[in-house]
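Residues per chain, in single letters:
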Amino acid sequence: MFDIKSATINEIKEFMTSIGESAYRAEQIFVWLSRGADFDEMTNIPVALRNKLKEKCYLPKVEIERKLISKIDETIKYLFKFSDGEMVETVLLSYKHGNSICLSTQVGCRMGCSFCASTMNGLSRNLTASEILEQITATERDSGCDVQSIVLMGIGEPLDNYDNVLKFLHLVNDKNGLNIGMRHISLSTCGLVDKIKMLAKENLQITLSISLHAPNDKIRSLIMPIAKKYSIDELFTACREYTETTGRRISYEYAMIAGVNDSPECARELGRRLFGTLTHVNLIPLNPVEEKSYNKSDKNVISDFTKVLEEYKIRVTVRRRLGSDINASCGQLRNKQLVK
Ligand code: SAH
């Protein structure tokens, strides 16, 4: 069976030719698929062809396993279930400037970051491009909201599922599809240096976020196994290359974990490393995960950390925690469902 929703218009054209149909239908089909339509809903496609497509192609189907709506803000969190029973989380966030969606790229994760809920049961499988896309169509269909921007910050390591994620980026950016501009898409990675270099060569205008979480290899390797494979120096070199090729600034994520990475010395070390690089640091108060012993840093510790970074002329924001009452950080809902 052909995974037609993971296909570009050109690939659908090739497929149409291969089944003895005319290629010009490809664009119409692509438009329908991007709108989340089923074959039966493709009213400008002859019924005979729709039936043939049903025989030869499949569409990813998701069911809403759970849906949580925040009482504090308008954040909606979905636990979606694919037809093989695997589940991922998707979060819809409303901002003044529009709706943003946080998508999962894998079922589980094999990166092993010690503070993260998504990786606790390892990696189950990669998501296909169509399954990443389907999270948007299912969310739009259920909520009635249009999505204006995307963050690949849900369950999974996007660069560990490189080909499918890249395919998704091109599909979602297609002017016949959802037409979401690359500049409205952020990809977050724990720092797979070889893949960051590959991504730089693609020269896309997406925002690259690096989950840094420590100012040096010693602390980083205590909480992030990937730090044992690639040093911070190698990571920064790849980030520099990314900026040189794409002209895009890098943004760094830094989860503030009490007593682990939040000391004034850590702030100074980070400041020295990033000084003069025109980057942006996002401080995220750790979202404590039940099964782990970490706590989030105190407010005044975060504010002192911020001041030190600002002395080094680094742009810092403290991430507002949307949907904190519904565990909007990804991974926790899926885990709860797994142990049931
Ligand atoms: N694998 C990718 C994207 C998924 S996680 C990555 O590592 O970037 C999205 C962000 O949430 C990452 O910065 C991740 O480190 C962070 N994160 C994970 N668990 C967290 C927690 N308990 N509290 C705060 N941030 C967390």
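The structure we're discussing is the one just above.
As the structure is a prediction and not an experimental result, all values here were calculated from the model.

1. Describing helix α11 (residues 299-311)
Okay, so step 1: Between its terminal C-alpha atoms α11 stretches 19 Å, which fits the 18 Å expected from 13 residues at 1.5 Å a residue.
Okay, so step 2: Within the span of α11, buried status applies to Ile302, Phe305, Thr306, Val308 and Leu309. Projected down its long axis, α11 carries its buried residues within an arc of 165 degrees, all on one side. Exposed side of α11, more than 90 degrees from the buried face: Lys299 and Glu311 are the residues found there.
Okay, so step 3: The inward-facing, buried residues of α11 abut β12 (250-256), α10 (264-274), β13 (280-285) and β14 (315-318).
Okay, so step 4: Remark: Lys313 follows α11 within two positions and exhibits a positive phi of approximately 65 degrees.

2. Concerning the sheet that holds strand β6 (residues 98-102)
Okay, so step 1: Across the sheet, which stays open at both edges, the ten strands sit in the order β3-β4-β5-β6-β9-β10-β11-β12-β13-β14 with mixed pairing between neighbours. In this open sheet, the two strands that pair with only one neighbour each are β3 (62-69) and β14. Neighbour to neighbour, the strand axes of the sheet diverge by 20 degrees on average, direction disregarded.
Okay, so step 2: Strands β9 (149-152) and β10 (185-189) of the sheet are contacted by helix α5 (residues 162-173), whose axis makes an angle of about 180 degrees with β9.
Okay, so step 3: The sheet contacts of helix α9 (residues 232-246) involve β11 (207-211) and β12, and relative to β12 the element is tilted by about 145 degrees.

3. Let's talk about the pattern of salt bridges
Okay, so step 1: Under the definition given, this model contains 17 salt bridges.
Okay, so step 2: One salt bridge connects Asp38 with Lys61, and the closest N-O pair in it is separated by 3.7 Å. A residue pair is termed long-range when its members are at least 10 positions apart, and Asp38 in the loop between α2 (25-34) and α3 (47-56) and Lys61 in the loop between β2 (57-58) and β3 qualify at 23 residues.
Okay, so step 3: On the basis of relative accessibility, which here comes to 29%, the residue Asp38 falls in the partly exposed class.
Okay, so step 4: Of the charged contacts, one joins Asp304 and Lys307 as a salt bridge, the two residues approaching to 4.0 Å between their closest N and O atoms. Here Asp304 pairs with Lys307, and both are found in helix α11, just three residues apart, close to one helical turn.
Okay, so step 5: Given a relative accessible area of 48%, Lys307 falls into the partly exposed group.

4. Here we look at unusual backbone geometry
Okay, so step 1: Of note, His213 is a non-glycine position whose phi angle comes to about 65 degrees, a positive value.
Okay, so step 2: Note that His213 resides in the loop between β11 and α7 (217-223).
Okay, so step 3: Residue classification places His213 among the buried residues on the basis of a relative accessible area of 5%.
Okay, so step 4: In the Ramachandran plot, Lys313 falls in the positive-phi region, its phi being about 65 degrees despite a non-glycine side chain.
Okay, so step 5: Along the chain, Lys313 turns up in the loop between α11 and β14.

5. Some points on the site of the ligand
Okay, so step 1: Around the ligand, the surrounding shell holds 16 residues, and the nearest of these are Gly156, Ser188, Ser211, His213 and Asn287.
Okay, so step 2: Take Thr189: an N or O atom from its main chain is 3.3 Å from an oxygen atom of the ligand.
Okay, so step 3: For the ligand, an oxygen atom lies 3.4 Å from a polar atom in the backbone of Cys190.
Okay, so step 4: Its residues assigned to classes, the shell around the ligand shows seven nonpolar, seven polar and two charged.

6. As for the packing of α10 against α11
Okay, so step 1: Two elements in contact, α10 and α11, have axes separated by 9 Å at closest approach and are oriented at 25 degrees. It follows that α10 is roughly parallel to α11 by the angle criterion. As α10 runs across α11, the sense of the crossing is right-handed. The residues of α11 that touch α10, namely those facing Cys266, Ala267, Arg268, Leu270 and Gly271, are Phe305, Val308 and Leu309.
Okay, so step 2: Classifying every residue of the contact of α10 with α11 gives six nonpolar, one polar and one charged.

7. Some points on the packing of aromatic side chains
Okay, so step 1: In total, this model carries five aromatic pairs according to the counting rule given.
Okay, so step 2: Note on Tyr254 and Phe305: the rings are 5.1 Å apart at their centroids and 40 degrees apart in plane angle, and the pair reads as tilted. Of the two residues, Tyr254 is situated in strand β12 and Phe305 in helix α11; the sequence distance between them amounts to 51 residues.
Okay, so step 3: A residue is classified by how much of its surface remains accessible, and Tyr254, at 1% relative accessible area, is buried.
Okay, so step 4: We note Arg35 situated over the ring of Trp32; from NZ or CZ to the ring centre the distance is 5.0 Å.

Thresholds applied
Residues numbered from 1 in each chain as written. Predicted model: local features only at pLDDT ≥ 70, side-chain atom pairs only at ≥ 80, totals over all residues. Heavy atoms only, no water. Helix = DSSP H or I, 4+ residues; strand = E, 2+ residues; numbered from the N terminus. Expected span 1.5 Å × (residues − 1). Buried < 20%, exposed > 50% of the residue type's maximum accessible area, 1.4 Å probe, protein only. Arc of directions from axis to C-beta. Contact = heavy atoms within 4.5 Å. Pairing = 2+ DSSP bridges. Axes fitted to C-alpha atoms, helices over the stretch in contact; angles between N-to-C directions. Salt bridge = Lys/Arg side-chain N within 4 Å of Asp/Glu carboxyl O. Near = heavy atom within 4 Å. Polar contact = N/O pair within 3.5 Å; in protein donor to acceptor, adjacent residues only side chain to side chain. Nonpolar A, V, L, I, M, F, W, Y, C, P; charged D, E, K, R; others polar. Parallel < 35°, antiparallel > 145°, perpendicular 65-115°, else oblique. Left-handed = near helix turned anticlockwise from the far one by under 90°. Phe/Tyr/Trp six-rings, centres within 6.5 Å; stacked < 30°, edge-to-face > 60°. Lys NZ or Arg CZ within 6 Å of the ring centre and 35° of its normal.

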